[in-house]
Amino acid sequence: MSFPKNFIWGVAGAAYQVEGAWNEDGKGPSIWDTYTHSRRSPVHHHENGDVACDSYHRIKEDVALLVEMGVKAYRFSISWPRVIPDGIGDVNPKGLSFYSELVDELIANNIEPMVTLYHWDLPQHVFDKGGWLNSDIIGWFDKYTRTVVEALSDRVTYWMTFNEPQCFIGLGYYNGSHAPFLNMSDRDVILMSHNVLLAHGTAVRTIRKYAKKTPMVAFAPTGPSVLPKDESEEAIEEARRKTFEFNDFGYILSNSWWADPIFLRKFPDGAKEFFGDDLPDFTEEEWDIVSTPLDFYGCNIYFSMKSKEDFLITAPKPLEKTGEGLTAIDWIITPEVLYWSAKFFYERYKLPIMITENGCAMCDWVMLDGKVHDAQRIDFTTKYLREYHRAAEENIPLLGYIHWSFMDNFEWGLGYDARFGLVHVDYYTQKRTLKDSAYWYRDVIASNGESLFKD
Ligand code: BGC
């Protein structure tokens, strides 16, 4: 009952959520810096990532924790404005060398670095120039990509272009809950989506062209995954259809809005009818760029919803009946989602699956004995991983599982209230404490998943 040979067990984090050092060593501001500093910021307690987990100053200490947990991979993101402070012009050598040192430290400890190029911290200067509305961003992002690839690809194999375009466009410019907290028209949001898709495809080509060793390239989308009511053929078909369904209200959060153009070289069914002239077509050449082949399908998956409408309109509180198990931020506990998503995404997009994020926020604190007894996270992850394993049993190719997150960190609009980490962080002292789940995960990894099946 173990996972495939060479299965990658990892943990993840993202630059703005952990690094801090928001204005050190030449880093430029990102939209998250600017907007969390605004007196009108809606983030809980007016918190920001100025210091966060101070990971910028703690490479060795943090990698030592990864070693203690026995992880095989660390997925982290690169801050575009740390590498190119205004996003467009000169490279900041100190910013680049921070990531190079991190990669060295990981490699020295046999931990595979997995790079995400964009996890939401858009350079403020790029935003001032129109951000995702300005098609010049495709070239600016490409230059940044090439800079990073030239610096790190002698040691990095795994590359992800964008983390969750559903969220950085959907929450940032469509429902206004993430920086830059805007609520824009469909016309504008569609234009931004097109520029994201083109920037993605262009970056994939650049990674392949300049990588010094053969890369594994993907992006890391999220989206609604719908569970079948039972395992009858009809129910499974209905869940499959809803997982990829598209409607004019929730399109930006859907799977198919982003993944169909990339993998199927087309807009999702219904898109043209909904948007008419607001949805300009790509030229043939642009379609070629958007659909540049990838190596695996990254999935960031936390929960399912029994009713997709709920997700698209009020995400994320898809309760069907009272009293269902919820995490500390009210996300419904639905372990089966890892099985059904792996199955549905593999069937439709035909690439090996990697869970690039999965995990839960729980009410964790350091207890009297100095430890963090997070039994709920252990239970949650055991159940999710058992379901994921079901996909392996059906010979769906699974490349890995990356737990979100390595350590507690800045949880965007929720500030520091939500703790997702396997490692507890005391934000006043920056003391890190491995939670029980971190030791548990170490055993799971050491047994390649077999320990999950011992009661
Ligand atoms: C994001 C992370 C975030 C996590 C939990 C994902 O949507 O990629 O940055 O912290 O979910 O909300």
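A quick note: this is a predicted structure, and the numbers were derived from the prediction, not measured.

1. Remarks on the overall build of the chain
Point 1. When its secondary structure is counted, the chain shows 17 helices and 10 strands.
Point 2. Its C-alpha radius of gyration of 21 Å places the chain within 12% of the 23 Å reference for a compact globule of 455 residues.
Point 3. In terms of principal-axis extent, the alpha carbons of the chain reach across some 60 × 60 × 45 Å.
Point 4. The buried share of the chain, taken over its 455 residues, is 62%.
Point 5. Expressed as a percentage of contacts within the chain between residues at least 6 apart in sequence, the contacts between residues at least 24 apart total 77%.
Point 6. Accessible surface for the chain amounts to roughly 17400 Å². Of this, 51% is attributable to carbon and sulfur atoms.
Point 7. On the chain, the mean spot of the 45 positive side-chain charges and the mean spot of the 67 negative ones are 3 Å from each other.

2. Structural notes on the pairing of strand β2 (residues 73-77)
Point 1. In terms of residue burial, β2 counts as a mostly covered element, since five of its five residues are buried.
Point 2. Burial of the side chains of β2 extends over both faces: A73, R75 and S77 are buried on one face and Y74 and F76 on the other.
Point 3. As paired strands, strand β1 (residues 8-12) and β2 are joined by three bridges and run parallel to one another. Paired with G10 across the bridge in β2 is A73.
Point 4. Relative to strand β3 (residues 112-118), β2 runs parallel, the two being bridged by five bridges. Bridged to S77 within β3 is T116.

3. Here we look at the confidence of the model for the chain
Point 1. For the chain, per-residue confidence averages 95 on the pLDDT scale, and residues scoring 70 or more make up 96% of the total.
Point 2. Across residues 312-316, where pLDDT falls below 50, the model places 10 contacts with residues more than four positions away in sequence or in other chains.

4. Some thoughts on the site of the ligand
Point 1. Near the ligand the following residues occur: Q17, H119, W120, N163, E164, Y302, W331, E357, W404, E411, W412 and F420.
Point 2. H119 places a polar side-chain atom, nitrogen or oxygen, 2.8 Å from an oxygen atom of the ligand.
Point 3. A distance of 2.8 Å is found between an oxygen atom of the ligand and a side-chain nitrogen or oxygen belonging to N163.
Point 4. Grouping the amino acids of the shell around the ligand by side-chain chemistry returns six nonpolar, three polar and three charged.

5. As for helix α3 (residues 59-69)
In an α-helix, one turn spans 3.6 residues; hence positions three or four apart end up facing the same way.
Point 1. Buried within α3 are the following residues: I59, D62, V63, L65, L66 and M69. Each buried residue of α3 lies within a common arc of 150° when the element is viewed along its axis, so the set occupies one face.
Point 2. Those residues of α3 hidden inside the fold are in contact with β1, β2, α5 (93-108), β9 (423-426), β10 (431-434) and α17 (436-446).
Point 3. G70 sits one or two residues past α3 and shows a positive phi near 75°.

6. Overview of the packing of aromatic side chains
Point 1. Applying the stated rule across the entire model yields 66 aromatic pairs.
Point 2. Arranged with centres 4.8 Å apart and planes meeting at 70°, the rings of Y118 and F168 form a pair that is edge-to-face. On the criterion of sequence distance, the pair formed by Y118 in strand β3 and F168 in helix α8 (residues 165-174) is long-range, its members being 50 residues apart.
Point 3. A relative accessible area of 1% means that Y118 is categorised as buried.
Point 4. With a relative accessible area of 5%, F168 lands in the buried category.
Point 5. Between F246 and F275, the ring centres sit 6.2 Å apart and the planes meet at 90°, which makes this aromatic pair edge-to-face. Taken together, the residues F246 in the loop between α10 (233-244) and α11 (255-264) and F275 in helix α12 (residues 271-275) connect sequence positions 29 residues apart.

7. Observations regarding empty space enclosed by the protein
Point 1. All chains considered together, the criterion is met by five cavities of 30 Å³ or more.
Point 2. Quantified by volume, the largest cavity comes out at close to 140 Å³.
Point 3. Contributing to the lining of the largest cavity are 15 residues, with V18, S55, Y74, F98 and L102 lying nearest its centre.
Point 4. When residues of the lining of the largest cavity are traced back to their parent elements, those giving at least two are α1 (15-18), α3, β2 and α5.
Point 5. Within the lining of the largest cavity, the residues separate by chemical class into 10 nonpolar, two polar and three charged.

8. Considering the sheet that holds strand β4 (residues 158-163)
Point 1. Taken in spatial order, the eight strands line up as β5-β4-β3-β2-β1-β8-β7-β6 in an open sheet, and their pairing is parallel. Only two strands of the sheet have a single neighbouring strand rather than two, namely β5 (216-220) and β6 (297-300). In this sheet, neighbouring strand axes are inclined to one another by 25° on average, regardless of whether the strands run parallel or antiparallel.
Point 2. Those strands touched by α8 are β3, β4 and β5, and its axis lies near 20° from that of β4.

Conventions used here
- Each chain has its residues counted from 1, running along the sequence as written.
- For this predicted model, a pLDDT threshold of at least 70 governs which residues receive local features, and a threshold of 80 or more governs which side-chain atom pairs are given and counted, while totals over whole chains, interfaces and linings are taken from all residues.
- Each side-chain value is derived from all of the structure's non-hydrogen atoms; neither hydrogens nor water enter the calculation.
- Helix and strand assignments come from DSSP, with helices taken as H or I runs of at least 4 residues and strands as E runs of at least 2, each series counted from the N terminus.
- Both definitions apply: the radius of gyration is a C-alpha atom measure, and the globule rule equals 2.2 Å times residues to the power 0.38.
- The classification of residues rests on relative accessible area computed with a 1.4 Å probe and restricted to protein chains. Under 20% of the type maximum is buried, over 50% is exposed, and intermediate values are partly exposed.
- Any two residues whose heavy atoms approach within 4.5 Å at even a single point are treated as in contact.
- Calculation of accessible area relied on Shrake-Rupley with a 1.4 Å probe; when residues are assessed, cover is drawn exclusively from the protein chains displayed.
- None of His or the chain ends enter the tally, which takes Lys and Arg as positive and Asp and Glu as negative.
- A charge is said to be at NZ when it belongs to Lys, at CZ for Arg, at CG for Asp and at CD for Glu.
- Strands are labelled as partners when DSSP assigns at least two bridges between them.
- You can read pLDDT as the predictor saying how much it trusts each residue, on a scale of 0 to 100.
- Any residue with a non-hydrogen atom lying within 4 Å of a molecule or strand is treated as near it.
- What qualifies as a polar contact is a pair of N or O atoms within 3.5 Å, subject to a donor-acceptor requirement within protein and to the restriction that residues adjacent in sequence count only when both atoms come from side chains.
- Amino acids are sorted into nonpolar (Ala, Val, Leu, Ile, Met, Phe, Trp, Tyr, Cys and Pro), charged (Asp, Glu, Lys and Arg) and polar (every other residue, Gly among them).
- Arc definition: it is the arc formed by the directions from the helix axis to the C-beta atoms.
- Two aromatic rings from Phe, Tyr or Trp, using only the six-membered ring of Trp, form a pair when their centres are within 6.5 Å; if the ring planes differ by under 30 degrees the pair is stacked, by over 60 it is edge-to-face, and anything between is tilted.
- Detection works on a 1 Å grid of protein atoms alone, calling trapped sets that fit a 1.4 Å probe cavities and calling open sets with protein on both sides within 12 Å along at least five of seven lines pockets, with lining residues defined by an atom within 4 Å of a point.
- Grid points are joined across faces, edges and corners, and a volume is the space filled by probe spheres set on the points.
- Simply put, an axis is a line fit to the C-alpha atoms, just over the touching stretch for a helix, and the angle between two N-to-C directions goes from 0 to 180 degrees.

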